[in-house]
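What the coordinates show
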Amino acid sequence: GEAGAAGDGAGRAANARTIASSGPKSKAAGGLKLGQPGVKKGPNPTMLAEREAIFNEIVAKQAEAMAALPRVPISVTMPDGKVLPLTAWVDSPLSVAESIGKQFAGRMCVAKVRYSRRLPGLGEIVLADEMDEEHEADGAADASFELWDLARPFEGDCELQLLTFDDPEGKETFWHSSSHVLGGSLEELFGVQLTHGPPTASGFFYDAYMGSEAIGVDEYAAIDAKAKALAKAKAPFERLVLSKADALRLFAHNPFKTHTIRTKVPDGALTTAYRCGTLVDLCRGPHLPNTGRVEAFAVQKNSSAYFLGQANCDSLQRVYGISFPDAKLLKKWKALQEEAAKRDHRRIGIEQELFFFHELSPGSAFFLPHGTRLYNALVAFIRGRYWGTGLPTDRVYHEVITPNMYNMNLWHTSGHAAKYKENMFVFEVEHAEFALKPMNCPGHCLMFKNKARSYRELPLRFADFGVLHRNELSGALTGLTRVRRFQQDDAHIYCAVTQIKEEVLGVLELIASVYAVFGMTFSLCLSTRPETKIGDDALWDRAEALMEEALNAFGQPWKFNKGDGAFYGPKIDVRVYDALERAHQCATVQLDFQLPIRFDLSYQGAGTEAKDALTESSTDAERGLAEHGKLRPVMIHRAVLGSVERMIAILTEHYAGKWPLWLSPRQLVIVPVTKFQLDYAEEVRQIFHAHHFHVDVDSTLNKLPKMILNAQKEQYNYILVVGQTEVVARTVNVRLRSGAELGERSIEDFLAHITAERAAHGVGFEPASAPAGDDGAPSKPAPKAKEPSSKSKPAAAIASE
């Protein structure tokens, strides 16, 4: 269902399309070419001086207007409840922080304020810039709080919070300000025309037009040096409120900025810009007090991008950067980046022959045999969680298979045609419009509606590993983390309102059990109604309250992420943290009152349950159902892994390609010392193969140390050396890929041990029979381990690392 969106794009707004480049999303039919041809890379001090003069002129008018605002007493409430008597248009969050202590104030990045009384100011402001879809904030604690420049004066009675770099929004502000430092450096060095520069989940970037010119790796040092000089200057971030006419005059040199102003700012409206050093940029803010807070700065990389994210618009240069308030943090980050490069799933995928991509099917992975083993093991692991133990209290899932393509009428009924069509592969079949499914939820609704349902069937849980397709733009495709074709451990639960809390709790417990096996921690976030929501507020109030109850009952700390829910209901997003402490949004739980209404789903209630459930706010449709003793089910969309492809990418980097036995595509390798042990090695291979272990024989007959080293490089969990001693004793000599030697073990004991190790994660198999003969009977029994000789040793403390 829609749950899969979380697995494909950490932090995206519900149903937002990820694009190769972004910025103001105005349409550019037929392409939009704004850049001037023949632009040469080099400083442009004349432009900087002219813009500076215009800024000074406008800021002088602002200062005059600000001086005329009445200085009235206000009350500012701190998080501990203390109320500070301050003065509007004079005092600021920075002055409050400095009153606590200079060192304390130096650690603050941004403020959050919630006004209970706001005084008239300079006028209503339109935010002309747009945050990038790559920008991933963890979400505000409360949408009624707004981020506020530390140096910006208070405008009335409010509550105040002060945030550091360790707070998600503090880090976001720090990196947003750092992007301006980067943009200023690019302007001064190369005379570029800047387009937009947002913070991202892992730093920031700036897009710039340079004509046919490009940034070279050999120029990173010059950019770093210029940025560090700007930081050392401690240039203040100055906020300017200006009219549309003044904005057009201020940015007359930059056709990209003027395009944004013309398309985003209505005539007569006000917008904002910021200055730091020589840079003046159209921006909503907020920002750091000054550039001096940026103690450590580094260019990461550069690439090409398109204005407005459209390939028929101007080509831009995108420069990525990273920054910190402490040089030690940058050093730590660089070490993590080096480790991350070693763990890159695209590199390991090639080295271990797991998967590859081909230009004839962009965004669709070709999983090779070893990659398919891994894929199937992960799916089998989740299937094992669906099966349960047979107890009445089990939350058993029923796996289903649904079509890959549907008539577009299905998506009109579900609402996805209006909200999601540009993300779908749409085509014509016999003069009718069809589409490949991007999610499973509408198909599962058809399954629920296929027969009359009773309260006795609820909760009804449908699980589906069906293939999904989403039309991501080619520039956004990235390894297995962003693909067009994928599968997910998707499920939809149909239940009564009274069952919501227990079902959501059950999903959260399932998520916790799965990520415990992976050795990952996670955080929880409740995303509430977006602007694009469908359905009335009363339903949303009820849905959000029930999700809060379930989260509180689960007992783990959680946050709000206001406005980032799916268009049909609130959702719980789960951010998991890998071995490098990187966050990934994978699992999700989404409550949906809307699809059951849109598909007119119902079930027969118990006795007078349906009529008893009616309230003053009940709809005519609900009253009509109640007349027949029927109620609407509630639908819960959920995924644990999210996209299987994306989870494989995450786990590859989490484990650094050193797979645990139960997941490993290369579990055992048998290494014969000489050619005289080849037959025995093959016999042993057949025994383990019959018990569903991935086992190979190294028949290269290289020198023993080389064969062992090759096995370690290929990440086999266990290396079983067999020489003449092992042939006589019917044993194997066990080594780990780490180099540890576990010694001689009987085949039977070692088989029992690794079978138990695999089964500990819910992945088990019955011993296989050989292929059946023509009469349907087994042609011969599966090989069995022979009785160990008296020379074999007990299988004690064997582990695969």
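Let me begin by describing the structure that accompanies this report. Sequence order sets the numbering: in each chain, residues are counted from 1 along the sequence as written. Where local features are concerned, this predicted model is filtered to residues with pLDDT of at least 70; where side-chain atom pairs are given and counted, the filter is 80 or more; whole-chain, interface and lining totals use all residues. To get the side-chain values, take all heavy atoms of the structure and skip hydrogens and water.

A closer look at the overall build of the protein
In this description a helix means any DSSP run of H or I spanning at least four residues, a strand means any run of E spanning at least two, and both kinds are numbered starting from the N terminus. When helices and strands are counted, the protein shows 24 helices and 34 strands. Looking at the protein residue by residue over its 801 residues, the buried ones come to 53%. Exposure was quantified through the Shrake-Rupley algorithm and a 1.4 Å probe, taking into account, for residues, occlusion by the shown protein chains and nothing else. On the protein, roughly 34400 Å² of surface is accessible, and the fraction owed to carbon and sulfur atoms is 53%. Three labels apply to residues, based on accessible area from a 1.4 Å probe with only protein chains included: buried if under 20% of the type maximum, exposed if over 50%, partly exposed otherwise in between.

Here we look at the sheet that holds strand β30 (residues 668-672)
Note: strands within a sheet are paired through backbone hydrogen bonds, in either parallel or antiparallel orientation. In spatial order, the strands read β31-β30-β32-β33-β34; together these five strands make up an open sheet with mixed pairing. The open sheet has two edge strands, β31 (695-697) and β34 (741-746), and neither has a second partner. Within this sheet the neighbouring strands show an average axis-to-axis angle of 25°, counted without direction. Between any two strands, pairing holds if DSSP finds at least two bridges. In the sheet, β30 pairs with strand β32 (residues 718-722) via five bridges, with the strands oriented parallel. Each axis is a line fitted through C-alpha atoms, and for a helix only the stretch in contact is used; angles between axes span 0 to 180 degrees, taken between their N-to-C directions.

Points about the nonpolar core
Side-chain atoms within 4.5 Å link the members of a nonpolar core, which is a set of buried Ala, Val, Leu, Ile, Met, Phe, Trp, Tyr and Cys residues. Core analysis: the biggest nonpolar cluster contains 62 residues, and Leu378, Tyr515 and Phe518 have the highest contact counts within it. When residues in this core are grouped by element, the largest group, ten residues, is from helix α15 (residues 500-518). Counting residues in hydrophobic clusters, the runner-up holds 37 residues, among them Leu186, Ala235, Phe237 and Val319.

Observations regarding helix α20 (residues 644-655)
When the terminal C-alpha atoms of α20 are compared, their 16 Å separation across twelve residues agrees well with the 16 Å that a helix rising 1.5 Å per residue should span. Within α20, twelve of the twelve residues are buried, leaving the element largely enclosed by the surrounding structure. Three or more residues of α20 are buried, namely Val644, Glu645, Arg646, Met647, Ile648, Ala649, Ile650, Leu651, Thr652, Glu653, His654 and Tyr655. The distance from a side-chain oxygen at the start of α20 to the backbone nitrogen of glutamate 645 is 3.3 Å, and the residue carrying that oxygen is serine 643. Residue alanine 656 follows α20 closely and has a positive phi angle near 55°. The span expected for a helix works out to 1.5 Å for each residue beyond the first. For the purposes of these results, a polar contact is taken to be a pair of N or O atoms within 3.5 Å, where, inside protein, one atom must be able to donate a hydrogen and its partner to accept one; residues adjacent in sequence count only when each atom of the pair is a side-chain atom.

Structural notes on the packing of helix α11 (residues 369-387) against α15
Contact geometry of α11 with α15 gives a least axis separation of 11 Å together with a crossing angle of 140°. With respect to α15, the element α11 is oriented oblique. Considering the relative orientation of α11 and α15, their crossing is right-handed. Mapping the contact onto sequence places Leu378, Phe381, Ile382 and Arg385 in α11 and Leu510, Ser513, Val514, Val517 and Phe518 in α15. Of the residues in the contact of α11 with α15, the class split is seven nonpolar, one polar and one charged. Should an angle lie under 35 degrees it is considered roughly parallel, over 145 roughly antiparallel, and from 65 to 115 roughly perpendicular; all remaining angles are considered oblique. The sense of a crossing depends on the near helix, which, turned anticlockwise from the far helix by less than a right angle, makes the crossing left-handed and, turned clockwise, makes it right-handed. By the convention used here, residues are in contact when the closest approach between their heavy atoms is within 4.5 Å. Charged means Asp, Glu, Lys or Arg here, nonpolar means Ala, Val, Leu, Ile, Met, Phe, Trp, Tyr, Cys or Pro, and polar covers whatever is left, Gly included.

As for the pattern of salt bridges
A side-chain nitrogen of Lys or Arg and a carboxyl oxygen of Asp or Glu constitute a salt bridge if their distance falls within 4 Å. Throughout the structure, instances matching the rule amount to 40 salt bridges. The partner of aspartate 537 in a salt bridge is arginine 529, with the nearest N and O atoms 3.3 Å apart. Between arginine 529 and glutamate 544 there is a salt bridge, with the nearest N and O atoms lying 2.8 Å from each other. Here glutamate 544 lies in helix α16 (residues 537-554) and arginine 529 lies in the loop between β23 (521-527) and α16, a separation of 15 residues in the sequence. What you see here is one network of salt bridges that share partners, running through Arg529, Lys533, Asp537, Asp541 and Glu544.

Digging into the sheet that holds strand β11 (residues 279-282)
Taken together, the three strands give an open sheet; going across it, the order is β9-β10-β11, and neighbouring strands pair in antiparallel fashion. At either margin of the open sheet sits one strand with a lone partner, and together these are β9 (238-243) and β11. The sheet shows a mean angle of 30° between the axes of neighbouring strands, taken without regard to direction. With four bridges joining them, strand β10 (residues 270-276) and β11 adopt antiparallel strand pairing. Each residue of the ladder has a partner; that of alanine 273, found in β11, is leucine 282. Running over the sheet, helix α5 (residues 168-190) touches β10 and β11 and is turned about 120° from β11.

A closer look at the environment of leucine 704
Relative to the elements of secondary structure, leucine 704 occurs in helix α22 (residues 704-713). Non-local contacts of leucine 704, meaning those with residues more than four positions away in its chain, are made with Val671, Val673 and Val721.

Thoughts on the pairing of strand β24 (residues 558-561)
Two strands pair when backbone bridges link them, and β23 and β24 are joined in this way by four bridges, in the parallel orientation. Bridging across to β24, serine 527 finds its partner in asparagine 561. Crossover handedness is defined by viewing with both strands directed away from the observer: a clockwise path from the first strand over the helix to the second marks the crossover as right-handed. As for the winding sense of the linkage, the β-α-β connection from β23 through α16 to β24 is right-handed.

Looking at the pairing of strand β1 (residues 73-77)
Here β1 shows one buried face, formed by Ile74 and Val76, and one open face, formed by Pro73, Ser75 and Thr77. Here β1 pairs with strand β2 (residues 83-87) via five bridges, running antiparallel. The residue bridging isoleucine 74 from the neighbouring strand is leucine 86, located in β2. In sequence, β1 turns back onto β2 through a hairpin of five residues, with glycine 81 there showing a positive phi of about 95°.

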